[in-house]
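# Understanding the architecture of this molecule
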Amino acid sequence: MSSVLPPGPRISGARLAVLLGAWRDGAGRQGASRLATALRELILEGRLVTGTRLPSERELSGVLDASRTLITAAIDRLRHEGLLESRQGAGTWVTVQGARREPGGWAAMAEPGPLDLALASPPAIPELHGAIERATAKMKPLLSSGGHQLQGLLDLRIRIADRFTQRGLPTGPEQILITNGAQHAFALILRTLISPGDRVLMEQPGYPNAFQAVNAVNGRLVATALREDGWCLDGLEASIRQSSPRLAYLMVDFHNPTGMRLSAAERDRLAALLRRTRTTAVIDETLLELDLEGTADTERLPSLAALAPEQTITIGSASKLFWGGLRLGWVRTTPELVHRLGANRLGMDLGSPIMEQLALAELCAEVFEPGSTAIARRLAGFARKRDHLLELIREHCPSWSVRSPTGGLSLWCDLGAPIGPRLAAAARERGVRVVPGDRFSVQGGYRNRLRLPYVLPEEQLTEAIRRIGAAMATLDSAPALDHDEPVISVT
Ligand SMILES: Cc1ncc(COP(=O)(O)O)c(C=O)c1O
């Protein structure tokens, strides 16, 4: 099933001029190829999302202070490359040919490779072992029940609700629905709130499995592009006004794949925007607890649910902080919506496994206890791996530019040229699985990016980057890809 993008919004000439920046060279020489290069970068980085309609050539010529001939030549070139399309009467719009829109394969998850930098799935927190033992000992009374608890084990709902309350968001267990992970939580919300054809606004770059979940309910993906250094709330507002999405899906805490976090002031602005436009947003907090600076930011930055309680549904997960194998996540919302989601769940499954829920409740009781150092140790381990990976990149891939994220589990590497898919293919030849940036885009784009998680042991990271550096060195002579690479699953 393919996602059909609605006719895209039109970007104004003034805004495009700002995005293009200094596209002329230092001496001020104009040239169609320079303009084409600057436009190409915007498209491939996903900052001009697929479907965006360009201003007329006449308007562009005015705002860019360039001749019509130059503008036409640059646009012709990108049309020829398949990045733009024009139709009489409809204008010119961004279209990334060959972009993958079909769901990815699941081979990587079914059969992880030895040097697998595709999945941002860390091994279990060591404390899980003891929690499982304690849970096993406590199972006996539960075994005499039928074992179905559609909303989730009360003990666990209390623990999760308490964690929200600790963060300054008073929550009761009646507001929590336990799910089989955050992905299941989002799928359930979509199934409950989205009808075929409804628009769902997603960040670009964004989380590919969330795109896939929208496709699965025949929703229409509307992308809002992030900036290099954060969210573009003006762009988000324009997208909301132009497309009136039924739902927005946002990752404001350690966004996957960029690792960025929305500032306190921007949270206020976003909350006001959601309220003003009456937009419901699913806030995915899967990576929220992965604050690698140890600044207790988690307590300081308000959650969107506190700022726009009527407009937000929060989802979370045990997968990153604790372990993906638990397959447990949650929804925090009103008791009414919890009931609707629960009723809808019956068409999908009849609840989450009790044993795992009990183990997670035991684990939360231990590691969220004041004085426990378990989480600090886990986060310090990720921070060490992040720094190690950055160091390796400086050594083996010096031409890349990479920011050090303050949280999350991956680096969003800028390769300096749209070589991501070719580099991923060359790395695969060397036994390393990596995901090129275009997987994180609604339709194509971000081919100049690679997402590299830092969850493997340090010696494996070292070997993987050494091999990726060697793959980089061969790229100039490597043939262009004339086939679609297998789509790798990601987390
Ligand atoms: C942003 C985001 N949301 C959801 C998920 C899925 O989480 P879960 O394993 O709980 O289904 C992931 C996993 O990588 C993720 O990064």
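All of these numbers come straight from a predicted model, not from anything done at the bench.

Attention shifts here to the overall build of the protein. Scanning the protein from terminus to terminus reveals 19 helices and 14 strands. Looking at the protein as a whole, 56% of its 491 residues are labelled buried. Long-range pairs, those at least 24 residues apart, make up 76% of the contacts in the protein between residues at least 6 apart in sequence.

Take the packing of aromatic side chains next. The final tally for this structure, using the stated rule, is four aromatic pairs. Considering the side-chain rings of W412 and F440, the 5.6 Å spacing of their centres and the 80° angle between planes classify their relative orientation as edge-to-face. Separated by 28 residues along the polypeptide, W412 in strand 11 (residues 410-414) and F440 in the loop between strand 13 (435-436) and strand 14 (449-453) bring together distant segments of the chain. Within the aromatic cluster, the residues linked to one another by ring pairs are W412, F440 and Y446. Looking at R163, its charged tip hangs above the ring of F368, at a distance of 4.1 Å from the centre.

So, on to the site of the ligand. D284, S317, S319, K320 and T491 are the nearest of the 15 residues found near the ligand. Side-chain polar atom of Y207 to an oxygen atom of the ligand: 3.4 Å apart, as the coordinates give it. R327 places a side-chain nitrogen or oxygen 2.9 Å from an oxygen atom of the ligand. When the ligand is considered free in solution it has 400 Å² of accessible area, and contact with the protein chains removes 95% of it. Its residues assigned to classes, the shell around the ligand shows five nonpolar, seven polar and three charged.

The next subject is the pairing of strand 1 (residues 84-87). Pairing analysis gives four bridges linking strand 1 to strand 2 (residues 91-94), with the strands arranged antiparallel. Considered in strand 2, the bridge of L84 is made with V94. Hairpin connection from strand 1 to strand 2: three residues lie between these consecutive antiparallel strands, with G89 at a positive phi of about 90°.

Before going further, it helps to spend a moment on the packing of helix 8 (residues 154-166) against helix 16 (residues 354-367). Their axes nearest at 8 Å, the elements helix 8 and helix 16 cross at an angle of 35°. Here helix 8 runs over helix 16; the crossing is left-handed. When helix 8 is examined against helix 16, the residues D155, L156 and R159 are found in contact with a partner set consisting of Q357, L360, A361, C364 and A365. Across the contact of helix 8 with helix 16, the residue classes tally to five nonpolar, one polar and two charged.

Another aspect to go through is the sheet that holds strand 13. If you trace the three strands from one edge of the open sheet to the other, you get 11-14-13, paired in antiparallel fashion. Strand pairing shows two members of the sheet lacking a second neighbour, strand 11 and strand 13, which therefore form its edges. In this structure, strand 13 lies alongside strand 14, joined through two bridges in antiparallel fashion. Residue P436 lies in a different strand from strand 14, and its bridge partner there is L450. Contacts from helix 17 (residues 374-396) reach strand 11 and strand 14, with the element oriented near 20° to strand 11.

Those residues of helix 6 (residues 128-138) not exposed but buried are L128, A131 and A135. Buried residues in helix 6, looked at end-on, bunch into an arc of 55°, giving them a common side. Of the exposed residues in helix 6, those oriented more than 90 degrees away from the buried face are H129, E133 and A137. For helix 6, the elements touching its buried residues are helix 16.

Looking at the protein, pLDDT values average 89 and 89% of them are 70 or higher. Throughout residues 1-6 the model reports pLDDT below 50, and contacts reaching past four residues in sequence, or to other chains, amount to 20 contacts.

Take the pairing of strand 11 next. Across the five residues that make up strand 11, a large majority, five, are buried. Across the two faces of strand 11 the burial is the same, with S410, W412 and D414 and L411 and C413 all buried. Taken together, the five bridges between strand 11 and strand 14 define a ladder with antiparallel strand orientation. Paired with L411 across the bridge in strand 14 is L452.

Spatial ordering of the open sheet is given by 4-10-9-8-7-5-6, a layout of seven strands whose pairing is mixed. The two strands at the open ends of the sheet, each matched to only one other strand, are strand 4 (176-179) and strand 6 (220-225). When strand polarity is set aside, the average angle formed by the axes of neighbouring strands in this sheet is 20°. With four bridges connecting them, strand 9 (residues 312-317) and strand 10 (residues 329-332) associate as antiparallel partners. Paired with S317 across the strands is G329, a residue of strand 10. Strands strand 4, strand 9 and strand 10 of the sheet are contacted by helix 15 (residues 335-345), whose axis makes an angle of about 25° with strand 4.

This part covers helix 11 (residues 233-243). Those residues of helix 11 that sit buried are L233, L236, E237, S239, I240 and S243. Down the axis of helix 11, the sector holding all buried residues measures 160°, keeping them to one side. For helix 11, the secondary structure elements touched by its buried residues are strand 5 (199-204), strand 6, strand 7 (247-250) and helix 12 (264-277). Two residues or fewer after helix 11 comes S244, characterised by a positive phi angle close to 40°.

Ranked by internal contacts, the top residues of the largest apolar core, which has 70 residues, are F322, W400, L452 and I468. The greatest single-element share of this core, amounting to nine residues, is contributed by helix 17. Counting residues domain by domain, this core receives three or more from each of domain 2 (128-367) and domain 3 (374-473). In this structure, W400 is in contact with I393, C413, D414, L415, L423, L450, L452, I468 and M472, ignoring residues within four places of it in sequence. By size, the runner-up hydrophobic cluster in this structure holds 32 residues, among which are I189, L193, A213 and L247.

Secondary-structure assignment places R332 in strand 10. Look at R332: it is buried, it has no salt bridge, and the nearest opposite charge is E285 at 7.9 Å. One polar contact links the side chain of R332 to the main-chain carbonyl oxygen of P170, over a distance of 3.3 Å. With residues near it in sequence (within four places) discarded, R332 still touches F164, L169, P170, T171, Q175, I176, A305, I313 and T314.

Cut-offs and rules
Residues numbered from 1 in each chain as written. Predicted model: local features only at pLDDT ≥ 70, side-chain atom pairs only at ≥ 80, totals over all residues. Heavy atoms only, no water. Helix = DSSP H or I, 4+ residues; strand = E, 2+ residues; numbered from the N terminus. Buried < 20%, exposed > 50% of the residue type's maximum accessible area, 1.4 Å probe, protein only. Contact = heavy atoms within 4.5 Å. Phe/Tyr/Trp six-rings, centres within 6.5 Å; stacked < 30°, edge-to-face > 60°. Lys NZ or Arg CZ within 6 Å of the ring centre and 35° of its normal. Near = heavy atom within 4 Å. Polar contact = N/O pair within 3.5 Å; in protein donor to acceptor, adjacent residues only side chain to side chain. Areas by Shrake-Rupley, 256 points an atom, 1.4 Å probe, with all protein chains shown as cover. Nonpolar A, V, L, I, M, F, W, Y, C, P; charged D, E, K, R; others polar. Pairing = 2+ DSSP bridges. Axes fitted to C-alpha atoms, helices over the stretch in contact; angles between N-to-C directions. Left-handed = near helix turned anticlockwise from the far one by under 90°. Arc of directions from axis to C-beta. pLDDT = per-residue confidence, 0-100. Core = buried A, V, L, I, M, F, W, Y, C linked by side-chain atoms within 4.5 Å. Domains from an automatic or database assignment. Lys, Arg positive; Asp, Glu negative; His and termini not counted. Salt bridge = Lys/Arg side-chain N within 4 Å of Asp/Glu carboxyl O.

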